[in-house]
Amino acid sequence: MKFGHFDDDAKEYVITRADTPRPWSNYLGSTEYGAIITNHAGGYSFYRSALESRFLRIRPNSVPLDQPGRYFYLRDNESTDYFSASWQPVGKPLDRYHSTCRHGTAYTVISSEYSGLLTETTYFVPLNQTFEYWRLKVTNASQRRRSISVFTYCEFATSWHMPSDLSNLQYSQFIAKATIDNDVLGISIHPYLDFDPNNLEGCGRLWMAITGATLVGFETVRENFLGGSYASYANPVAVEQGRCSNFLAEGENPCGTLQVNLDLEPGETRELIVLLGLGTPESHGHATIAAFGSSERCASELEKLKSKWHAQLNSLVVKTPDPEFDSMVNVWNAYNSLITYAWSRHASLIYNGERNGLGFRDTVQDFLGVTHLLGEAIQPRIELMLSGQVATGGAISVIVPERHKPGQEKAPAPESYRSDDCLWFFNAIPEFVAETGNLDFYNKSIPFADEGQATVLGHLRRALEFNLQRTGKNGLPCGLAADWNDCVQMGYDGESVMVTFQLRHGLVIYSNICERLGLANEANWARGELESLDRNLQAATWDGEWFLWAIGADGHRYGSKQETEGQIYINTQTWAVISGAATDQQGRSAMRALDERIATPFGIMLSAPPFTLTPRTVMGGVIYNHGIKENAGIFCHTQGWAVMAETLLGDGNKAYEYYRSYMPSAYNDRAEEREIEPYVHCQTVYAPCNRNSGKARVPWLTGAAAWSMHAAVQWILGVRPELDGLRIDPCIPSSWPGFKMQRIFRGKQIQIEITNPKSHCKGVSALSVDGVTIAGNLAPHSLLKDGSQILAALD
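What counts and how
Residues numbered from 1 in each chain as written. Predicted model: local features only at pLDDT ≥ 70, side-chain atom pairs only at ≥ 80, totals over all residues. Heavy atoms only, no water. Helix = DSSP H or I, 4+ residues; strand = E, 2+ residues; numbered from the N terminus. Rg over C-alpha atoms; globule rule 2.2 N^0.38 Å. Buried < 20%, exposed > 50% of the residue type's maximum accessible area, 1.4 Å probe, protein only. Contact = heavy atoms within 4.5 Å. Lys, Arg positive; Asp, Glu negative; His and termini not counted. Charge placed at Lys NZ, Arg CZ, Asp CG, Glu CD. Pairing = 2+ DSSP bridges. Polar contact = N/O pair within 3.5 Å; in protein donor to acceptor, adjacent residues only side chain to side chain. Axes fitted to C-alpha atoms, helices over the stretch in contact; angles between N-to-C directions. 1 Å grid on protein atoms, 1.4 Å probe; cavity = no way out; pocket = protein on both sides within 12 Å on 5 of 7 lines; lining within 4 Å. Points joined across faces, edges and corners; volume = space filled by probe spheres on them. Nonpolar A, V, L, I, M, F, W, Y, C, P; charged D, E, K, R; others polar. Core = buried A, V, L, I, M, F, W, Y, C linked by side-chain atoms within 4.5 Å. Phe/Tyr/Trp six-rings, centres within 6.5 Å; stacked < 30°, edge-to-face > 60°. Lys NZ or Arg CZ within 6 Å of the ring centre and 35° of its normal. Parallel < 35°, antiparallel > 145°, perpendicular 65-115°, else oblique. Left-handed = near helix turned anticlockwise from the far one by under 90°. Disulfide = S-S within 2.5 Å.

Chemist: Which residues make up the overall build of the protein chain, and what are the values?
Modeler: Helices and strands together make up the secondary structure of the protein chain, namely 20 helices and 42 strands. For 795 residues, the compact-globule estimate of 2.2 N^0.38 gives 28 Å, and the protein chain sits close to it at 28 Å. Across its three principal axes, the protein chain shows a C-alpha extent of roughly 80 × 60 × 50 Å. A total of 795 residues make up the protein chain; the buried ones form 63% of that total. Sequence-distant contacts, at least 24 apart, represent 67% of the contacts inside the protein chain between residues at least 6 apart. Charge separation in the protein chain, taken as the distance between the mean sites of 68 positive and 87 negative side-chain charges, equals 1 Å.

Written as structure tokens, this is what we have:
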């Protein structure tokens, strides 16, 4: 079933059927003033932290999932009939109510048509501001004069600390107070405590106003607006009666209802603008309304917002034979990666602020999805994450940027170290250096979180030493509290095969960097460690057809074909190929076993068979039902690794089959199967061994966004930045006649065209830059200029 379509020219997803399987969401604002909004205008707003400074309320895991929100109610004062400008919360019958929602880049536009009235509501947060716009256009499409009352509604949190707001009601119900100052509503939490207008974090002060018509009434208590404790958002009494009480809250649940009346001639359109922001009416509200309250300024700010986001997305544009692939790469996977980079795993309809800050290893991997879009702009965040590494080479698990104090943080307890944390630097940092050409970055000195400092290269060396110094009986890295899989718990005596392959990858990368820097002794050290590790892993991790996933302290071989649970694991098969640890024969055998045993129409399962009897102390995934998350679910974060592995083996058909199996846009025409948004990636999908097979969960904030972007652009399309230029190494479906790419590389616009006349998957036979034939498949940076054209042919 189809609920909408992609509009790539506008960089929007257009929802044309309102009754989506679940509310489909979008993001507004920035990491300063953040907000979530759905196709039903549901969602919430917060300042920096959805946990500690959430000021618009939402109730997690309620039905519907996204209420309350930012609503406009419209009442026909002649018939007394009313509706909401978004389908929900009133929910008029869809045979009489028509709705379209256009989710764009940090804005959402919801249109409706009901009973001869047309509405268009636009929501966004203007750049570098701490307020949000709700712009409503109302058009009388009937043949008679209409008298309409418009009511806004949002529900303010009392305690801005989310858990306290929702659960500590004996406190939070008694701390809010409302005021009206020259038609500007003010909401104060702890109204008698000092307020510093220069410090908005947790300030407990909000203002709200409406322009475009005269304010005739207001409501500031939820129960007064709705009509008591047994009412709902679908039929608020203030709307039914057509009037507000003008009561100012002093305790209870505050809300933001502003009423205006409109008289519309046939064909007439009126525009209203709601502004809601941080601070008081006196400190921020009046000045903001004066500067930003006009229709012209609102339209101008929206165009600025679009231009900023679209410029980032236009850094890379592709044209392939698959328009669904193009929609993801050009717009939605890129935008998804930028949002995930901004918010880590912090704020969505599923994540409710409980993960406050930047998860260390999540964030380091998230760089891969945005480096080509942001370039040098990510350097401060990379340095921040490097300063989260402790002097041992491990890392603190979460960094809260505004509170992080490099050199003064407490190192984790030995039992809480995760074995993979800093090995992700070997993916992210060389990528940044290759994209920007800033080789000297390796020489920059960065403090450790707890004590001391080192160059970036020194941080990389310490990351390798951390794992080399913590090995088990087979000479492989210990699993510690967890490897990438939080549920793999091998401790200080059991060994992680996944981390073994990551360590191997890191040693190869490190030796290459050192060679480039002229550090022969360092390069030789890394190669020596690599040789030793290769001997150990070949002796201990190969099971004849595929690779193990762990070796226990007692020597138990997890992931062997003798196992009845967790017999084969996606991570170690893919990373054996990615790291170069597998021989060609081993790599093909392992990926063939993966395809036969854990590949499904919805993606590749993390492992199989599911865990039932395996001790929780070894595999924590046993706490989950079969076929979801770490217990044989389809974990989307890992899917890009399978795509990469198949491209390294030269099988573009299989790589693309895997990519499309979990690509959100591939489900647009059958969105009822996946249920969540068909324009963004998710964390996990139910595998066929579960009764919910094919249903996707936890959208938006996931490592799947970055790795999918990386796999699509650098491994399927095969355009990879290197210090010396752009590597052109596609591995595409043999049915593709070729593709085109427009890419900004170090400030230069580059046009790339790949042809595939003989229907191959891989192997560049001819390469030219601006008509100059190049040997091999590297387009040298020295030849690239703004407007350069790279032509390549597969053979």
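Chemist: How would you explain the sheet that holds strand β26 (residues 550-551) if you had to name every residue and give the values?
Modeler: Reading across from one edge, β24-β25-β26-β27 is the order of the four strands in this open sheet, with antiparallel pairing throughout. Each of the sheet's edge strands pairs with one partner strand only, and the pair in question is β24 (478-480) and β27 (557-558). Strand direction decides the pairing type here: β24 and strand β25 (residues 491-496), joined by two bridges, are antiparallel. Each residue of the ladder has a partner; that of Cys478, found in β25, is Glu495.

Chemist: Explain the environment of Glu223 residue by residue, including any values.
Modeler: Position of Glu223 relative to the elements: it lies in helix α3 (residues 222-226). Contact partners of Glu223, with chain neighbours within four places excluded, come to Gly228, Ser229 and Asn253. Side chain to side chain, Glu223 and Arg222 meet in a polar contact 2.7 Å long.

Chemist: Let's hear about the sheet that holds strand β12 (residues 146-153): which residues, and what values?
Modeler: Read across the sheet, five strands follow the order β7-β6-β12-β17-β16 without closing on themselves; strand pairing throughout is antiparallel. What marks the edges here is a single partner per strand, and that holds for β7 (82-84) and β16 (215-221). Geometrically, the sheet is characterised by an average inter-axis angle of 20° between neighbouring strands, direction not taken into account. The sheet contact formed by strand β6 (residues 71-76) and β7 spans three bridges and is antiparallel. Opposite Tyr73, over in β7, you have Ser84 as the bridge partner.

Chemist: Now, about the layout of surface pockets: what can you tell me, with residues and values included?
Modeler: Rolled over the atoms, a probe sized like a water molecule indicates the empty space that remains. Roughly 900 Å³ of internal volume is contained in the largest pocket. In terms of residue class, the lining of the largest pocket is built from 18 nonpolar, six polar and six charged.

Chemist: So, the nonpolar core: which residues are in play, and what are the values?
Modeler: By size, the foremost hydrophobic cluster in this structure holds 260 residues, and its most contacted members are Phe325, Trp332, Ile429 and Ile790. Ranked by the residues each element gives to this core, the list is headed by helix α7 (residues 323-343), at 11 residues. Once residues within four sequence positions are removed from consideration, Ile429 is found in contact with Ile382, Leu386, Phe441, Tyr442, Val456 and Leu460.

Chemist: I'd like a rundown of the packing of aromatic side chains, residues and numbers included.
Modeler: Summed over all chains, the structure comprises 52 aromatic pairs. Residues Phe3 and Trp24 carry aromatic rings whose centres are separated by 5.8 Å and whose planes lie at 70° to one another, so their mutual orientation is edge-to-face. One end of the pair, Phe3, is in the segment before β1 (4-7); the other, Trp24, is in the loop between β2 (12-15) and β3 (25-29), with 21 residues separating them in the sequence. Owing to a relative accessible area of 0%, Trp24 belongs among the buried residues under this scheme. Taken together through their ring pairs, the aromatic side chains of Phe3, Phe6, Tyr13, Trp24, Tyr27, Trp309, Trp332, Tyr335, Tyr679 and Trp700 make up a single cluster. Lying across the ring of Trp309, Lys308 places its NZ or CZ 4.2 Å from the centre. In this arrangement the basic side chain of Arg381 is found over the ring face of Tyr341, its NZ or CZ atom lying 4.3 Å from the centre.

Chemist: An account of the packing of helix α13 (residues 497-516) against helix α14 (residues 520-540) is needed here, citing residue identities and associated values.
Modeler: It is the contact of α13 with α14, at a shortest axis distance of 8 Å, that shows an interaxial angle of 155°. On the basis of the axis angle, α13 is roughly antiparallel to α14. Remark: the crossing between α13 and α14 carries left-handed chirality. Note on element contacts: α14 touches α13 through Glu522, Ala523, Trp525, Ala526, Arg527, Glu529, Leu530, Leu533, Asp534 and Leu537, opposite Thr500, Phe501, Leu503, Arg504, Leu507, Val508, Tyr510, Ser511, Cys514 and Glu515.

Chemist: Explain the packing of α7 against helix α20 (residues 703-716) to me, and be specific about the residues and the numbers.
Modeler: Interaxial distance between α7 and α20 falls to 8 Å at its minimum, and their mutual angle equals 140°. When the axis of α7 is compared with that of α20, the two are oblique. With respect to the hand of their crossing, α7 and α20 are arranged in left-handed fashion. Listed contacts from α20 to Phe325, Val329, Asn333, Ala334, Asn336, Ser337 and Thr340 of α7 are Ala705, Ala706, Ser708, Met709, Ala712, Val713 and Ile716. Across the contact of α7 with α20, the residue classes break down as nine nonpolar, five polar and no charged.

Chemist: How would you sum up the side chain of Arg146? Please name residues and give values.
Modeler: The residue Arg146 is located in strand β12 in this model. On the basis of relative accessibility, which here comes to 2%, the residue Arg146 falls in the buried class. A polar atom in the side chain of Arg146 sits 3.0 Å from the backbone oxygen of Ser115. Within the structure, the side chain of Arg146 is placed 3.3 Å from the side chain of Ser142, a separation counted as a polar contact. Those residues in contact with Arg146 that sit more than four places away from it in its chain are Asp76, Ser115, Gly116, Leu117, Asn140, Leu262, Asp263 and Leu264.

Chemist: Explain the pairing of β6 to me, and be specific about the residues and the numbers.
Modeler: Counting buried positions over the six residues of β6 gives six, a clear majority of the element. On β6, burial covers both faces: Tyr71, Tyr73 and Arg75 on one face and Phe72, Leu74 and Asp76 on the other are all buried. In terms of strand pairing, β6 meets β12 through six bridges, oriented antiparallel. Of the residues in β12, the one forming a bridge with Leu74 is Val150. Remark: five residues form the turn of the hairpin made by β6 and β7, two consecutive strands paired antiparallel; Thr80 in that turn has positive phi of roughly 70°.

Chemist: Could you give an account of the environment of Ile676, naming the residues involved and the relevant values?
Modeler: Structurally, Ile676 can be placed in the loop between α19 (671-674) and β33 (682-685). Classification of Ile676 as buried rests on a relative accessible area of 3%. With 653 residues separating them along the chain, Ile676 and Pro23 place their C-alpha atoms 7.8 Å apart. Those residues in contact with Ile676 that sit more than four places away from it in its chain are Arg22, Trp24, Cys682, Ala696, Arg697 and Pro699.

Chemist: Can you break down the state of the cysteines residue by residue, with the values?
Modeler: Tallying each qualifying case throughout the model produces zero disulfides. No disulfide involves Cys478; its sulfur sits 16 Å from that of Cys422, the nearest cysteine. Considering cysteine sulfurs only, Cys636 is the nearest to Cys689, which forms no disulfide, with 14 Å between them. Given the relative accessible area of 39%, Cys689 is considered partly exposed.

Chemist: A description of the pairing of strand β9 (residues 107-114) should follow, citing residues and the corresponding values.
Modeler: Judged by how many residues are buried, β9 sits mostly within the fold: six of eight residues are covered. Relative to β9, strand β8 (residues 98-103) runs antiparallel, the two being bridged by six bridges. Residue His103 lies in a different strand from β9, and its bridge partner there is Thr108. Connecting β8 to the next strand, β9, in antiparallel fashion are three residues, including Ala106 with a positive phi near 70°. Of the strand pairs in this sheet, β9 and strand β10 (residues 117-124) are connected by eight bridges, and their pairing is antiparallel.

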